[in-house]
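Fold and contact review
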Amino acid sequence: MATVIKGTAVAKKVRQGLRDEILEIQKEKPDFKPGLTVVQVGDRPDSNVYIGAKVKACEEIGINGVHMKLPPETTQQELIDAIEGLNVDPDVHGIILQVPLDCTTGIDETLCTNVLSPSKDVDGLTDVNAGRLARGDLKRCFTPCTPTGCMVLIDEAGVDVKGKNVCVVGRSKIVGAPMHDLLLWAHGTVTTCHSRTPDLGYHIKQADVVVVAAGKKELVKGEWIKPGAVVIDCGINPEPDATKKSGVKLWGDVEYPAAKQVAGAITPVPGGVGPMTVALLMRNTVTSAKRMHGITGVRSYSTASYTRPIATQGTARGLSTSAYIARTGLRLLQRLKK
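So, how was this worked out
Residues numbered from 1 in each chain as written. Predicted model: local features only at pLDDT ≥ 70, side-chain atom pairs only at ≥ 80, totals over all residues. Heavy atoms only, no water. Helix = DSSP H or I, 4+ residues; strand = E, 2+ residues; numbered from the N terminus. Contact = heavy atoms within 4.5 Å. Areas by Shrake-Rupley, 256 points an atom, 1.4 Å probe, with all protein chains shown as cover. Expected span 1.5 Å × (residues − 1). Buried < 20%, exposed > 50% of the residue type's maximum accessible area, 1.4 Å probe, protein only. Arc of directions from axis to C-beta. pLDDT = per-residue confidence, 0-100. Pairing = 2+ DSSP bridges. Axes fitted to C-alpha atoms, helices over the stretch in contact; angles between N-to-C directions. Core = buried A, V, L, I, M, F, W, Y, C linked by side-chain atoms within 4.5 Å. Parallel < 35°, antiparallel > 145°, perpendicular 65-115°, else oblique. Left-handed = near helix turned anticlockwise from the far one by under 90°. Nonpolar A, V, L, I, M, F, W, Y, C, P; charged D, E, K, R; others polar. Phe/Tyr/Trp six-rings, centres within 6.5 Å; stacked < 30°, edge-to-face > 60°. Lys NZ or Arg CZ within 6 Å of the ring centre and 35° of its normal.

Secondary structure assignment for the protein chain yields 12 helices and 11 strands. Considering only intrachain contacts with a sequence separation of at least 6, the fraction spanning at least 24 residues in the protein chain is 71%. Accessible surface, the protein chain as shown: approximately 16200 Å² in total, 53% of it carbon and sulfur.

Rendered as structure tokens:
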């Protein structure tokens, strides 16, 4: 019978540790206040729920959480201007572009994500951060929060992945691909499986650690799990269920009851990986704030080669540097008042 890795409890420890750290820093630096802004276009109900959870976590920890909500008719240039305003705002240390965008104007999500300054990209989704992760430059990048949370849970299970056979099921840019990279640079021997992989069960049976992020209910069968393996289930597959207060039951990507009988440790759904995603987002935001305040013990995040200088951004629009800063700052204030 597997040990259940309770992500809710681990996430609570992470959040409490961050709160204590902020209070300790503020004893010497009273003006230290990490800031996170979530930019949303439109009014998707699911996005509102996710953003609400992030802002609530900010309040609990001592981070200034701001929800910048833009109307569905926002143009791509207006969104870019809003993000660039946040890039130069010294009180903002983390920026998230909530996707999918709910717009009527055909905004390119990838392009706008890459407008974020890599040093404030606390979701780790810009090409710069993804590239640094792929190259193993972990000290100079932010890594996506869900796979980073999975690494914390693997560690919580007391497992060192060095030299272990690891199987990642799924190759999305948000979870699967960065999960592979994190495990690789932790010296695991990593196999990534996906929708085109024949005989998925064969690969999983070889693995000491299995991380599943496929988005398909109970894709991974219990009989495929190697005895004693660590199983991390990132799946969240909702189905209507009248017996639940919420009217919905969440299923993972792993056949949990059967896998639990074989594995050494396993995460449940819900209460496993999910809570870690928000906790690691908070940690990245605090790390960014510490870097920008020059607090010792945190390696400086240099973006000189990757983020366009303010003067260049202004010149591209026919504006002086001071005029550009004034314009982006004014637009930011106008949007926050809405």
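So much for the structure itself; the text now carries on.
With that out of the way, let us pick up helix 1 (residues 7-28). Along its 22 residues, helix 1 runs 33 Å from first to last C-alpha, staying within 8% of the 32 Å computed at 1.5 Å per residue. Every buried residue of helix 1 is listed here: Gly-7, Val-10, Ala-11, Val-14, Leu-18, Ile-22 and Ile-25. Angularly, the buried residues of helix 1 cover 115 degrees about the axis, an arc narrow enough to put them on a single face. Structural note: helix 1 exposes Lys-12, Lys-13 and Lys-27 on the side pointing more than 90 degrees away from its buried face. In this fold, the buried residues of helix 1 make contact with helix 2 (45-61), helix 6 (145-156) and helix 10 (274-292).

All right, on to the confidence of the model for the protein chain then. With 87% of its residues at a pLDDT of at least 70, the protein chain reaches an overall mean of 90. Throughout residues 299-313 the model reports pLDDT below 50, and contacts reaching past four residues in sequence, or to other chains, amount to 31 contacts.

Let us look at the sheet that holds strand 11 (residues 265-266). Read across the open sheet, the 6 strands follow the order 1-11-8-7-5-6; overall the sheet is parallel. Of all the strands in the sheet, the pair left with one neighbour each is strand 1 (3-4) and strand 6 (189-193). Of the pairings in the sheet, the one linking strand 1 to strand 11 comprises 2 bridges and is parallel in character. For Val-4, the partnering residue across the bridge sits in strand 11 and is Ile-266. Where helix 7 (residues 176-185) meets the sheet, its contacts fall on strand 5 (165-169), strand 6 and strand 7 (209-212), and the angle it forms with strand 5 comes to roughly 170 degrees.

With that settled, the discussion passes to the nonpolar core. In this structure, Leu-36, Ile-63, Leu-183, Val-211, Ile-232 and Met-282 are the most contacted members of the largest nonpolar core, which totals 46 residues. No other element matches the 7 residues that helix 10 contributes to this core. Dropping the residues within four chain positions of it, Val-211 is found in contact with Cys-150, Ile-154, Cys-167, Val-168, Val-169, Met-179, Leu-183, Ile-232 and Cys-234. Listed in part, the 18 residues of the second largest apolar core include Ala-2, Cys-167, Cys-193 and Val-254.

Axis separation between helix 1 and helix 10 bottoms out at 8 Å; the angle between their running directions is 20 degrees. Relative to helix 10, the element helix 1 lies roughly parallel. Helix-helix and strand crossings are classified by hand; for helix 1 and helix 10 the assignment is left-handed. Of helix 10, the residues touching helix 1 (which contributes Gly-7, Thr-8, Val-10, Ala-11, Val-14, Arg-15, Leu-18, Glu-21, Ile-22 and Ile-25) are Pro-275, Met-276, Ala-279, Met-282, Arg-283, Val-286 and Lys-290. For the contact of helix 1 with helix 10, the per-class residue count stands at 11 nonpolar, 2 polar and 4 charged.

Looking now at the packing of aromatic side chains. In the structure shown here, the tally under the stated rule is 0 aromatic pairs. The ring of Trp-251 carries the charged tip of Lys-249 above its face, separated from the ring centre by 4.8 Å. A cation over an aromatic ring shows up here: Arg-291 above the ring of Phe-142, its NZ or CZ 4.9 Å from the ring centre.

Before going further, it helps to spend a moment on unusual backbone geometry. Here Val-99 and Pro-100 are connected by a cis peptide whose omega angle stands at 5 degrees. Following the sequence through the fold, Pro-100 ends up in the loop between strand 4 (94-97) and helix 4 (109-113). Its identity is not glycine, yet His-187 carries a phi of approximately 75 degrees, on the positive side. Looking at where His-187 falls in the secondary structure, it is placed in the loop between helix 7 and strand 6. Despite not being glycine, Asp-199 has its phi angle at roughly 55 degrees, a positive value. As for its position among the elements, Asp-199 is in the loop between strand 6 and helix 8 (200-205). Residue classification places Asp-199 among the exposed residues on the basis of a relative accessible area of 54%.

Between its terminal C-alpha atoms helix 6 stretches 16 Å, which fits the 16 Å expected from 12 residues at 1.5 Å a residue. Contacts from the buried residues of helix 6 go to helix 1, helix 7, strand 7, strand 8 (230-233) and helix 10. Immediately downstream of helix 6, the backbone of Gly-158 shows phi near 80 degrees, a positive value.

Moving on, we get to the sheet that holds strand 4. Overall, parallel pairing links the 3 strands, which are arranged 3-2-4 in an open sheet. Of all strands in the sheet, those with a lone pairing partner are strand 3 (64-70) and strand 4, marking the two edges. Within the sheet, the average angular offset between the axes of one strand and its neighbour, ignoring direction, is 15 degrees. Both strand 2 (residues 35-41) and strand 4 contribute to a ladder of 4 bridges, which runs parallel. Bridge pairing in strand 4 links Val-38 to Ile-96. Against the sheet, helix 2 touches strand 2, strand 3 and strand 4, its axis set at about 155 degrees to strand 3.

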